[in-house]
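Each chain is listed here by its residues.
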Amino acid sequence: MTRRLLLSYLSLAALVLLCLEIPLGFVYSRGERERVVNAAKDEAESVSAYAALSLAAGRAERDLPARVVHCARRIGGKVVIVDASGTALATSHPLDVGMSGRLAARPGIAAALRGTSTVDVRTSTIGGVEYLSVAAPVGQEARPVGAVWLTVPTRTVHERVHHVWLLLALGGAAVLTAVAVLGFAFARWAGRPIRELEQATHDLADGGRFAPVTITKGPPEVRSLAAAFNHTAARLAHLLASQRAFAGEASHQLKTPLAALRLRLENLEPDVAARARGSLTAAVTETDRLARMVEHLLAMARLEEHAAIPATVDLGAVCAERHRTWQPLFAREDVSLVLFAGSVGPVLAVPGAVEQIMDNLLSNALRASPAGSTVTIELRVQAPSRRALRDSRPRWVDLHVTDEGPGMTEEQRARAFDRFWRAPGAPKGGTGLGLALVQRLAHASGGEATLHAAATGGLDVVIRLPSTRPPGEAQGPGGDRPRRPRREAPALPA
């Protein structure tokens, strides 16, 4: 906004200056030219009258040389008087032989000998006079007895006109500079309410605390916009706070009765008949599912309430640690958990996000994997192209968790990240919040989460996170290519 206002001020000022200074410069140049021409004509007529009197009195040879020298000295030019045949009677400067013989042939002198006064003016492109000569007849115009030819140097006039144009240009530059300074100050002052409103919008979008903007500054339109923003932001902040408070308080309040309910169900087991044991087991399972749902709601509420800043995380070390933790559980269900680890370098992620993502993905994969199948954890570096123009692109690291379960259709994968959505025929025990939490954690870390059909028929969950390794840094013996992942042997059951 500041640049646009400043550009509009400068454009308007430049247009006004052009409309004023260019006509002023040409008017001055024309006036100066007319002044010089009129002065030269007056001088030529004065010399012509004196020469006519001298010729009539017979004193031309005695009076005219002194007169032309005096006149030439006064005007700083040259004066020549010729008779009716074109022969020089008096000159203010010496003439060579060729010049004196061609005087009558000059256009100005020839016209004066015919009784016509002439003025020859040559101007420059900006109105300055470059050459000026005046010829006037001596005696009566019907029967002139001679002619006066006068040339005036115009260097001084030319320099004066150029000097005026230079002053006009410098004055215009000074005016534009002053307009730029004042316009910049005014634009900054006029745009300050907009900048404050923009900063408040960014703070609100980044999850910062809402602070009302001042609505007493700026034009009425800006004040109205600020008032509307304050009302909308306050309402949005209230709604978000209410939502977070409800999710957090409801989840906390549900934890205690759920724990008590599960304890009571377990205490009922000795008193329940054998035919009702299945219902009791199903009730305990549902209680566990509800407890996990409460934990997920708490995690999502904390994630929304505390927008953490991504930090550097060693993805390979986290994956190895979660592999060791989950290996005994997978071995108990007769499912192999394999880790393909490579040198992928650190990534950016919210602290604790990678651990929660891995726990949710491995929990889902374990429930969906049949006995004897394999769940694979693999890290891949999405290296940029070798072309130099793409070396500045960010590098990504993909975390793949692949199972050999029933998988999902394309429509199911499109809805899998919705809260509380579960695929038809999904194993019991899920809450429908795991993948939603995974997606929120990935987005909060600056990455993304996607689902793909695995080549083994199951589901391939891909978590893409930004790498902190510079694009130009070598990844191994292959230069920009990452090292080939190595397969880590499954850990022994604890």
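Residues numbered from 1 in each chain as written. Predicted model: local features only at pLDDT ≥ 70, side-chain atom pairs only at ≥ 80, totals over all residues. Heavy atoms only, no water.

**Some points on the overall build of the protein**
Looking only at helices and strands, one finds eleven helices and 13 strands in the protein. Counting every position in the protein, which comprises 494 residues, the buried fraction comes to 37%. Considering only contacts within the protein whose residues lie at least 6 apart along the sequence, 66% involve residues at least 24 apart. Counting every atom, the protein has about 28,200 Å² of accessible surface; 58% of that belongs to carbon and sulfur. (Helix = DSSP H or I, 4+ residues; strand = E, 2+ residues; numbered from the N terminus. Buried < 20%, exposed > 50% of the residue type's maximum accessible area, 1.4 Å probe, protein only. Contact = heavy atoms within 4.5 Å. Areas by Shrake-Rupley, 256 points an atom, 1.4 Å probe, with all protein chains shown as cover.)

**Focus: unusual backbone geometry**
As a rule of thumb, non-glycine residues mostly have phi less than zero, and peptide bonds are mostly trans rather than cis. Located in the positive-phi region is Asp334, a residue other than glycine, with phi close to 60°. Position of Asp334 among the secondary structure elements: in the loop between helix H8 (315–332) and strand E7 (336–341).

**Here's the deal with the pairing of strand E12 (residues 459–466)**
With seven of eight residues buried, E12 is to be regarded as a mostly interior element. Where strand E10 (residues 396–402) and E12 come together, seven bridges link them in antiparallel fashion. Pairing of Thr402 across the sheet is with Asp460, part of E12. Pairing of strand E11 (residues 448–453) with E12 involves six bridges; the strand directions are antiparallel. What sits directly across from Leu451, in E12, is Val461. (Pairing = 2+ DSSP bridges.)

**Section: the pairing of strand E1 (residues 78–83)**
Two faces belong to every sheet, and in a regular strand the side chains alternate between them. Burial analysis of E1 places five of its six residues in the buried class, the great majority of the element. With six bridges joining them, E1 and strand E5 (residues 144–152) adopt antiparallel strand pairing. When the bridges of E5 are listed, Ile81 appears paired with Val148. Here three bridges tie E1 to strand E2 (residues 88–91), and the two strands are oriented antiparallel to one another. Within E2, the position partnered with Ile81 by the bridge is Ala90. Hairpin connection between E1 and E2: a loop of four residues separates the two successive antiparallel strands, and Gly86 in this loop has a positive phi of roughly 90°.

**Digging into the packing of aromatic side chains**
Geometrically, a pair of aromatic rings is defined through the distance of the ring centres and the angle of the planes. Scanning all chains against the criterion turns up three aromatic pairs. Ring plane angle 70° and centroid distance 6.2 Å describe the contact between Trp326 and Phe330, whose orientation is recorded as edge-to-face. Placement of the pair is Trp326 and Phe330 together in helix H8, with a separation of four residues, close to one helical turn. Owing to a relative accessible area of 12%, Trp326 belongs among the buried residues under this scheme. Relative accessible area serves as the criterion here: at 0%, Phe330 is assigned to the buried category. (Phe/Tyr/Trp six-rings, centres within 6.5 Å; stacked < 30°, edge-to-face > 60°.)

**Looking at the confidence of the model for the protein**
Chain-level pLDDT for the protein is 78 on average; 79% of the residues reach the 70-or-more range. Predicted confidence for residues 474–494 stays below pLDDT 50, and this span has 45 contacts to residues more than four positions away or in other chains. (pLDDT = per-residue confidence, 0-100.)

**What to know about the side chain of Thr376**
Structurally, Thr376 is set in strand E9 (residues 374–382). Those residues within four positions of Thr376 in sequence are excluded, and the remaining contacts are Val338, Phe340, His400, Val401 and Thr402.

**Digging into the environment of Val354**
Structurally, Val354 is set in helix H9 (residues 353–368). Judged by its relative accessible area of 3%, Val354 falls in the buried class. Setting aside anything within four residues of it in sequence, one finds Val354 in contact with Val313, Leu315, Val318, Ala349 and Leu465.

**So, the packing of H8 against H9**
Contact geometry of H8 with H9 gives a least axis separation of 10 Å together with a crossing angle of 35°. Crossing of H8 over H9 shows right-handed handedness. Contacts from Leu315, Val318, Cys319, Arg322, Trp326, Leu329 and Phe330 in H8 reach Val354, Glu355, Met358, Asp359, Leu362, Ser363 and Leu366 in H9. A breakdown of the residues in the contact of H8 with H9 according to their chemical character gives ten nonpolar, one polar and three charged. (Axes fitted to C-alpha atoms, helices over the stretch in contact; angles between N-to-C directions. Left-handed = near helix turned anticlockwise from the far one by under 90°. Nonpolar A, V, L, I, M, F, W, Y, C, P; charged D, E, K, R; others polar.)

**Here we look at the UniProt feature "transmembrane region" (unreviewed entry) in the protein**
Per the UniProt entry, the sites bearing "transmembrane region" (unreviewed entry) are residues 164–187 in this numbering. Span residues 164–187 is 100% helix and 0% strand, its end C-alpha atoms 33 Å apart. (UniProt positions renumbered as here; feature names shortened; annotations may be inferred.)

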